[in-house]
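Residues per chain are reported as follows:
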Amino acid sequence: MDLAVKKLFLLDLDGTVYLEDELLPGAEAFLAWVLETGGTVRYLTNNSSRGVDAGLEKMRRLGVPAEREEFLTAVEATVYYLRTSRSPSEVYYVVGTDSFRRQLAEAGFRLREEPAEDVTAVLVGFDTELTYRKVENACRLLARGADFLATNPDWACPTLFGFVPDCGAICELIGRGAGRKPVFIGKPDPTMIRLALEQTGCAPEEALMVGDRLYTDIACGVNAGVDTALVLTGEATAADAAVSDTPPSLICRDMAELLERLKEVRGT
């Protein structure tokens, strides 16, 4: 991997750039350096619990300049997938936050709040407003033959105290009850990276995917044919990377170390 040619930095957020309301070591300096050197950033997050506007507001609250077009979330990937891979006549029951449901409705999709007879698919996101009623409704629909879709396979979302169940864990709960497995849409599916390359006009060799999870962030980069950097500030460890089916191109302690390596190869 040639770090000297990288100009598009595809960054995961939770566990990579920040944990809850705290920037991780080196994140602010890294983003400032990218801006100063004429690089481009895209934030790729599997978190579907909040929309782009909420992510933008959070970055600015943390003191990091960010623009709306820099965000590609599991919601955007899901909307793209539903528009290109599913029939426009589909009707969805959503296990997700009000924000997620609102974004889907605004995108023109037909949603139901109850397990109605015309529901054709259950769509699960990272639901921080999860209730047992939603789980029961999803199982009822899956037993009836509805398709099972989900925004992302992440097992856990990092927090300051450790981890909380993410979409993958919620799907495991529903899937165990219904005896079904979902089709996952977000990372490691390469859609978000392909959209980022298309938006920026960058070639795959000019991009670097940076994240803290091997089975989503790093696998997404591998699936999209771009180089990857694993930071050890979230879920994965160096030991995990050593036995991974999708090993990263580079392992760094945090974004501060990644910045050091980039400056070293560029002599800055």
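All figures in this text were calculated on a predicted structure; none of them were measured in a lab. (Residues numbered from 1 in each chain as written. Predicted model: local features only at pLDDT ≥ 70, side-chain atom pairs only at ≥ 80, totals over all residues. Heavy atoms only, no water.)

Here we look at the packing of helix 5 (residues 132–143) against helix 6 (residues 167–178)
Between helix 5 and helix 6, whose axes approach to 9 Å, the crossing angle comes to 45 degrees. On the basis of the axis angle, helix 5 is oblique to helix 6. Here helix 5 and helix 6 pass one another in a crossing that is right-handed. Contact residues: helix 5 offers Val135, Ala138, Cys139 and Leu142, while helix 6 offers Leu173, Ile174, Gly177 and Ala178. Class assignment of the residues belonging to the contact of helix 5 with helix 6 gives a composition of 7 nonpolar, 1 polar and no charged. (Axes fitted to C-alpha atoms, helices over the stretch in contact; angles between N-to-C directions. Helix = DSSP H or I, 4+ residues; strand = E, 2+ residues; numbered from the N terminus. Parallel < 35°, antiparallel > 145°, perpendicular 65-115°, else oblique. Left-handed = near helix turned anticlockwise from the far one by under 90°. Contact = heavy atoms within 4.5 Å. Nonpolar A, V, L, I, M, F, W, Y, C, P; charged D, E, K, R; others polar.)

Details of the side chain of Thr233
Note that Thr233 resides in the loop between strand 14 (227–231) and helix 9 (238–242). Owing to a relative accessible area of 18%, Thr233 belongs among the buried residues under this scheme. Of the polar contacts made by the side chain of Thr233, one reaches the backbone oxygen of Gly15; its length is 2.7 Å. Residues in contact with Thr233, not counting those within four places in the same chain, are Gly15, Thr16, Leu19, Leu24, Arg253 and Asp254. (Buried < 20%, exposed > 50% of the residue type's maximum accessible area, 1.4 Å probe, protein only. Polar contact = N/O pair within 3.5 Å; in protein donor to acceptor, adjacent residues only side chain to side chain.)

Regarding the environment of Asn152
With respect to the helices, strands and loops of the structure, Asn152 is situated in the loop between strand 9 (147–150) and strand 10 (156–158). Sequence separation between Asn152 and Gly186 is 34 residues; the distance between their C-alpha atoms is 4.7 Å. Beyond its immediate sequence surroundings of up to four residues, Asn152 is in contact with Asn46, Asp166, Cys167, Gly168, Phe184, Gly186 and Lys187. A distance of 2.6 Å separates the side chain of Asn152 from the side chain of Thr151, its partner in a polar contact. Side-chain polar atoms of Asn152 contact the side chain of Asp154, separated by 2.7 Å.

Considerations on the packing of helix 3 (residues 74–85) against helix 4 (residues 98–106)
A pair of packed helices is characterised by two quantities: the angle between their axes and the separation of those axes. Relative orientation of the contacting elements helix 3 and helix 4 amounts to 40 degrees, with a least axis distance of 11 Å. Helix 3 and helix 4 meet at a crossing whose hand is right-handed. Between helix 3 and helix 4, the contacting residues are Val75, Glu76, Thr78, Val79 and Leu82 on the first element and Phe100, Gln103 and Leu104 on the second. When grouped by side-chain class, the residues that make up the contact of helix 3 with helix 4 number 5 nonpolar, 2 polar and 1 charged.

Comments concerning unusual backbone geometry
Going from Lys187 to Pro188, the amide bond is cis rather than trans, its omega being 20 degrees. By secondary structure assignment, the location of Pro188 is in the loop between strand 12 (183–184) and helix 7 (191–200). Residue Glu20 is not a glycine yet carries a positive backbone phi of 50 degrees. Among the secondary structure elements, Glu20 is positioned in the loop between strand 2 (18–19) and strand 3 (22–23).

A closer look at the sheet that holds strand 14
Across the sheet, 6 strands lie side by side as 5-4-1-13-14-15; this open sheet has parallel pairing. The two strands at the open ends of the sheet, each matched to only one other strand, are strand 5 (71–73) and strand 15 (250–252). Recorded for the sheet is a direction-independent mean angle of 20 degrees between the axes of neighbouring strands. Two strands pair when backbone bridges link them, and strand 1 (residues 8–11) and strand 13 (residues 207–211) are joined in this way by 4 bridges, in the parallel orientation. Paired with Phe9 across the bridge in strand 13 is Leu208. Running at roughly 65 degrees to strand 5, helix 3 makes contact with strand 4 (40–45) and strand 5 of the sheet. Across the sheet, helix 8 (residues 214–224) touches strand 13 and strand 14, and the angle it forms with strand 14 is around 160 degrees. (Pairing = 2+ DSSP bridges.)

Re the side chain of Thr78
Note that Thr78 resides in helix 3. If near-sequence neighbours (up to four positions away) are discounted, Thr78 is found in contact with Leu104, Leu123, Thr151 and Ile185.

Considerations on the sheet that holds strand 12
Read from one edge of the open sheet, 5 strands run 7-6-8-9-12, paired in parallel fashion. A single partner strand is all that each edge strand has here, and the edge strands are strand 7 (110–112) and strand 12. In this structure, strand 6 (residues 91–95) lies alongside strand 7, joined through 3 bridges in parallel fashion. Paired with Val91 across the strands is Arg110, a residue of strand 7. Running over the sheet, helix 4 touches strand 6, strand 7 and strand 8 (121–124) and is turned about 145 degrees from strand 7.

Interpretation note: all reported values are geometric properties and have no functional meaning in isolation.
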